[in-house]
Amino acid sequence: MKNVGAGGSFFLSFFINILLTAEWSIPAWILLALHFILHISIWWFVGALAVWILRILIGMTIIGLASKCSVPDPPKENKNPYSLSNGVIFSNK
């Protein structure tokens, strides 16, 4: 999985998140329809779309920060007596 901040993949991840959560924009599209039918303010539609996009950006930020929090395990001593330390599979002993 690619990191969010690595070489322009932010916009690719953002676009994929928009596609995957497109159904969350349904309230905004309903408000747009109500704008044309009942003549409510268009700002309700804009606000609902803004909330949807901000939710995606906040979620991507949280996942990006969480992926940077992992600490790799330090190297451990090999205590297996049957493992090969020199990488040779067969020897002439």
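Here goes a summary of the coordinates provided. As a convention, each chain's residues are numbered from 1 in the sequence order in which they are written. Residue-level local features of this predicted model are given only where pLDDT is at least 70; pairs of side-chain atoms are given and counted only at 80 or more, and the full residue set underlies all totals for whole chains, interfaces and linings. Processing note: side-chain calculations cover all non-hydrogen atoms of the structure and skip hydrogens and water entirely.

Remarks on the environment of Ser25
Move 1: Within the secondary structure, Ser25 is located in the loop between helix H1 (9–20) and helix H2 (26–38).
Move 2: In this structure, the C-alpha to C-alpha distance between Ser25 and Val51, residues 26 residues apart in sequence, is 9.3 Å.
Move 3: Ignoring anything within four residues of it in the chain, the contact list for Ser25 reads Leu49 and Trp52.
Move 4: N or O atoms within 3.5 Å of each other form a polar contact, as long as, within protein, one can give a hydrogen and the other can take it, and as long as residues adjacent in sequence are counted only when both atoms are side-chain atoms. There is a polar contact of 3.0 Å between the side chain of Ser25 and the side chain of Trp29. Helix and strand labels come from DSSP, where a helix needs a run of H or I of at least four residues and a strand needs a run of E of at least two; each type is numbered from the N terminus. Note on contacts: a residue pair is in contact if any heavy atoms of the two residues lie within 4.5 Å.

Here we look at a nonpolar patch on the surface
Move 1: Only residues whose relative accessible area exceeds 30% and that form no salt bridge are eligible for patches; like-charged ones are grouped when within 9 Å, while nonpolar side chains (Val, Leu, Ile, Met, Phe, Trp, Tyr) are grouped when within 5 Å. Note that accessible areas follow from Shrake-Rupley with a 1.4 Å probe, and for residues the cover is restricted to the protein chains shown. Throughout this description, the term salt bridge denotes a Lys or Arg side-chain nitrogen within 4 Å of a carboxyl oxygen of Asp or Glu. On the surface, Leu12, Phe15, Ile16, Leu19 and Leu20 cluster together into a nonpolar patch covering about 520 Å² of accessible area.
Move 2: Relative to the helices and strands, Leu12 is located in helix H1.
Move 3: Judged by its relative accessible area of 47%, Leu12 is partly exposed. Relative accessibility decides the category of a residue: with a 1.4 Å probe and only protein chains considered, values under 20% of the type maximum give buried, values over 50% give exposed, and everything between is partly exposed.

Observations regarding the packing of H1 against helix H3 (residues 43–68)
Move 1: The axes are straight lines fitted to the C-alpha atoms, using for helices just the contacting stretch, and the angles between their N-to-C directions are given from 0 to 180°. Put simply, H1 and H3 touch, their axes get as near as 10 Å, and they point 125 degrees apart. Here H1 lies oblique to H3, going by the angle between them. Crossing hand, H1 versus H3: right-handed. Mapping the contact onto sequence places Phe10, Ser13, Phe14, Asn17 and Ile18 in H1 and Trp52, Ile53, Ile56, Leu57 and Met60 in H3. By the definition adopted for this analysis, an angle is roughly parallel if under 35 degrees, roughly antiparallel if over 145, roughly perpendicular if from 65 to 115, and oblique otherwise. Crossings are assigned a handedness: left-handed for a near helix turned anticlockwise from the far helix by less than a right angle, right-handed for a clockwise turn.

Observations regarding unusual backbone geometry
Move 1: A positive phi angle, close to 60 degrees, is found at His39, a residue other than glycine.
Move 2: Note that His39 resides in the loop between H2 and H3.

Focus: the environment of Trp29
Move 1: Structurally, Trp29 is set in helix H2.
Move 2: The partly exposed category is assigned to Trp29, whose relative accessible area is 46%.
Move 3: With 16 residues separating them along the chain, Trp29 and Phe45 place their C-alpha atoms 7.0 Å apart.

Focus: the packing of aromatic side chains
Move 1: Any two of the Phe, Tyr and Trp rings considered here, Trp counted by its six-membered ring, make a pair once their centres fall within 6.5 Å; the pair's planes then place it as stacked at under 30 degrees, edge-to-face at over 60, or tilted in between. Using the criterion set out here, one finds three aromatic pairs in the structure.
Move 2: Centroid distance Phe10 to Phe11: 5.3 Å. Interplanar angle 80 degrees. Geometry classified as edge-to-face.
Move 3: Judged by its relative accessible area of 31%, Phe10 falls in the partly exposed class.
Move 4: With a centroid separation of 5.2 Å and 50 degrees between ring planes, the pair formed by Trp29 and Phe45 is classed as tilted. Here the residue Trp29 occupies a position in helix H2, and Phe45 occupies one in helix H3, the gap between them amounting to 16 residues.
Move 5: Here Phe45 falls in the buried class, since its relative accessible area comes to 12%.

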